[in-house]
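Structural features, examined
Spelled out from the first residue to the last, the chains are:
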Amino acid sequence: DEKGMMMANKKGSTTIFYKVKVEDEVLESKVEVSVDESPKLEFLGKKEICQGESTEIEVKGAEFVLWEKEDGFAKINSKKQVLSPDSTRIYEVSGIIGVCKSKDLIEIKVNPLPQVAISKENDEYKLEGYGSTSPYIYKIGEGDFSSEKYFKPSTSDYYNVQVKDAKGCVGISKLYLE
C-alpha cells in the first residue's frame with residue numbers, strides 16, 4: 001500500500017510526505033522542493049532612437065541576463081547593454097533567477113533622419129523638411145531652431161542647415177547659399 005500527500009506553503013516551496021510499505025515495514029519520509037518564480041523582466045532606457053544614435057538598456061528582475069547578439073552569441077550577465085542598431089530591431093533577452101529562466105523581447109525603434117530640400121524664390125531660400133515625421137523646424141548656421149522656412153543669407157557662403165523633426169531627430173546639410 002503506497003500513500004502520498006502534498007502540501008504547498010506560501011513561500012514557494014512544496015513539501016511531499018509519503019509512506020511506503022516494504023515487506024511489513026512502513027517507511028515514512030518527507031521531501032521539501034523549492035519552486036522559484038520565473039523572472040519577470042523589466043526594461044529601462046530609451047526604446048526609440050534616431051538613426052546613428054545609441055541607447056543603454058538596463059534589465060531588472062533577474063540575477064543573470066543573456067542578450068541575443070547579431071552574431072548568434074550571447075553576452076553573459078550583462079544587465080546593462082548599449083545598443084546601436086542601424087534600423088528597427090527586436091532583441092531576445094533571457095533572465096535567470098536560480099534555475100528558472102524566462103525570455104522576453106525588446107524592440108528598439110530607429111527613426112530616420114530628416115532631410116532638407118531648398119528652393120530659391122526671388123531673393124530668399126525656402127526650406128522644406130522631408131523623409132521623417134513632420135512638423136519640421138530649421139536652424140541655419142549658429143542660430144536657433146525655428147519654424148520659419150524662409151531664409152535670406154547676408155553673404156554668399158556655405159551654411160550648415162539643420163532640420164529637426166517631431167521625434168527630435170536632426171539632419172544636417174552643408175549648402176552654398178548666395
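Note: the structure precedes this text.
Residues numbered from 1 in each chain as written. Predicted model: local features only at pLDDT ≥ 70, side-chain atom pairs only at ≥ 80, totals over all residues. Heavy atoms only, no water.

1. Regarding the pairing of strand 10 (residues 89–97)
Defined as follows: Two strands form a pair only when DSSP identifies at least two bridges running between them. Under the scheme used here, helices are H or I runs from DSSP no shorter than 4 residues and strands are E runs no shorter than 2 residues, and both carry numbers assigned from the N terminus.
When strand 7 (residues 64–68) meets strand 10, the two strands line up antiparallel, connected through 4 bridges. Bridging from a neighbouring strand, L66 pairs with S94 of strand 10.

2. A word on the state of the cysteines
The condition that has to hold: Note on terminology: disulfide denotes any pair of cysteine sulfur atoms within 2.5 Å. The buried label applies to any residue whose accessible area, calculated with a 1.4 Å probe on protein chains only, is under 20% of its type's maximum; exposed applies above 50%, and partly exposed to all values in between.
Summed over the entire model, instances satisfying the criterion amount to 1 disulfide. There is a disulfide in this structure between C50 and C169, and the S-S distance comes to 2.0 Å. Between C50 and C169 the sulfur-sulfur dihedral comes to about -95°; the bridge is accordingly left-handed. Taken together, the residues span a long stretch of sequence, with C50 in strand 5 (residues 48–50) and C169 in the loop between strand 16 (157–164) and strand 17 (170–177) at a distance of 119 residues. Its relative accessible area of 6% is what places C50 among the buried residues.

3. Re the packing of aromatic side chains
The relative placement of two aromatic rings is captured by the distance of their centres and the angle of their planes. Selection criterion: Centres within 6.5 Å are what make two rings of Phe, Tyr or Trp a pair, Trp counting through its six-membered ring; a difference in plane orientation under 30 degrees is then read as stacked, over 60 as edge-to-face, and the rest as tilted. Distance and angle both matter: a charge sits over a ring if NZ of Lys or CZ of Arg is within 6 Å of the ring centre and within 35 degrees of the ring normal.
Scanning the model with the defined rule gives 3 aromatic pairs in all. Here the aromatic rings of W67 and Y91 are separated by 6.3 Å at their centres, their planes lie at 75°, and the arrangement is edge-to-face. Of this pair, W67 sits in strand 7 while Y91 is found in strand 10, placing the two residues 24 residues apart along the sequence. The exposure class assigned to Y91 is buried, which follows from its relative accessible area of 5%. Over the ring of Y91 we find R89, and its NZ or CZ is 4.2 Å from the ring centre. Above the ring of F145, the side-chain terminus of K164 is found at 4.6 Å from the ring centroid.

4. Details of the sheet that holds strand 17
Selection rule: Throughout, an axis means a line fitted to C-alpha atoms (over the contacting stretch in the case of helices), and angles, computed between N-to-C directions, take values from 0 to 180 degrees.
Spatially, 14-16-17 is the arrangement adopted by the 3 strands of the open sheet, whose pairing is antiparallel. With partners counted over all chains shown, the strands left at the sheet margins are strand 14 (137–140) and strand 17, one partner each. When strand polarity is set aside, the average angle formed by the axes of neighbouring strands in this sheet is 25°. Note that strand 16 and strand 17 share 8 bridges and pair antiparallel. By the bridge assignment for strand 17, Y158 is matched with Y176.

5. Let's talk about the environment of Q115
Put simply, the test is: Residue contacts are counted whenever heavy atoms from the two residues lie within 4.5 Å of one another.
As for its position among the elements, Q115 is in strand 12 (residues 115–121). A sequence separation of 49 residues divides Q115 from K164, and the C-alpha atoms of the two residues are 8.9 Å apart. Q115 has contacts with E128, G129, Y130 and V163, leaving out every residue within four places of it along the chain.

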